[in-house]
Amino acid sequence: MLEKALSQLPPKAEKRERFELPELSSSISGNRTILHNFSDICNRLNRDKNHFLKFLVGELATSGSIDGAKASFQGNFNYRVFQKLLDRYIQEYVFCPICHQPDTSIVKKGRFYHLVCDACGATSSLRSI
Ligand SMILES: [Zn+2]
């Protein structure tokens, strides 16, 4: 019965289903905040780790570095702060503004970055980080 219901879903809904993010895992260590599954999140988003890091340090107005699969940030930040920033990053740098699908990639043209959508073919300019 469940299988039948699933097969009747339009392909769009199925795509949204596949775009489930892992939950952010962070902890505070001294005066730094560690994001444990940083690498995993970048893989799910299909985004460059340095791009996401640059976005986070810019928004948090702090410094940060990638350490293997983790990232650490100067200062103590609440889990919810990261969750909010992740949502914003996805809205701005992952979802196509035209068709709202997450099947996009970032392409650099000259000094500018563009979001190219695999679903509808649209190219949108991005705010540089
Ligand atoms: Zn699109």
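Reading the values: rules and limits
Residues numbered from 1 in each chain as written. Predicted model: local features only at pLDDT ≥ 70, side-chain atom pairs only at ≥ 80, totals over all residues. Heavy atoms only, no water. Donors = N, O, S within 2.8 Å, 3.2 Å for Na, K, Ca; no water. Tetrahedral: all angles 85-135°; square planar, octahedral: opposite > 155°, others 65-115°. Helix = DSSP H or I, 4+ residues; strand = E, 2+ residues; numbered from the N terminus. Buried < 20%, exposed > 50% of the residue type's maximum accessible area, 1.4 Å probe, protein only. Pairing = 2+ DSSP bridges. Axes fitted to C-alpha atoms, helices over the stretch in contact; angles between N-to-C directions. Core = buried A, V, L, I, M, F, W, Y, C linked by side-chain atoms within 4.5 Å. Contact = heavy atoms within 4.5 Å.

## Notes on the coordination of the zinc ion
- Surrounding the zinc ion are the protein donor atoms C96 (SG), C99 (SG), C117 (SG) and C120 (SG), which sit 2.3 Å from the metal.
- One can describe the donor arrangement at the zinc ion as tetrahedral, given that its 4 donor atoms subtend angles of 104 to 114° at the metal.
- Summarised as a motif, the one-chain spacing of the donors to the zinc ion is C-x2-C-x17-C-x2-C. Of this pair, C99 sits in the loop between α5 (79–93) and β5 (104–109) while C117 sits in strand β6 (residues 112–117), and the two are 18 residues apart along the sequence.
- Judged by relative accessible area, C117 falls into the buried class, the value being 3%.

## A look at the sheet that holds strand β7 (residues 123–125)
- Taking strand neighbours across the sheet as the criterion, the 3 strands line up as β5-β6-β7 in an open arrangement whose pairing is antiparallel. Lying at the two open borders of the sheet, with one neighbouring strand each, are β5 and β7. Strand-to-strand twist across the sheet, computed as the mean angle between neighbouring axes with direction ignored, equals 30°.
- Pairing of β5 with β6 involves 6 bridges; the strand directions are antiparallel.

## Topic: the nonpolar core
- In terms of nonpolar packing, the biggest core is built from 25 residues, with L35, F38, F52, L56, F73 and F82 touching the most fellow members.
- Counting only elements with at least two residues in this core, the list comes to α3 (38–45), α4 (49–60), β4 (70–74) and α5.

## Side note on the sheet that holds β4
- What the 4 strands build is an open sheet, ordered β1-β2-β4-β3; its pairing is antiparallel. Of all the strands in the sheet, the pair left with one neighbour each is β1 (26–29) and β3 (64–67). In this sheet, neighbouring strand axes are inclined to one another by 25° on average, regardless of whether the strands run parallel or antiparallel.
- As paired strands, strand β2 (residues 32–35) and β4 are joined by 4 bridges and run antiparallel to one another. When the bridges of β4 are listed, I34 appears paired with S72.
- Packing against the sheet, α4 makes contact with β2, β3 and β4, and its axis sits at approximately 150° to β3.

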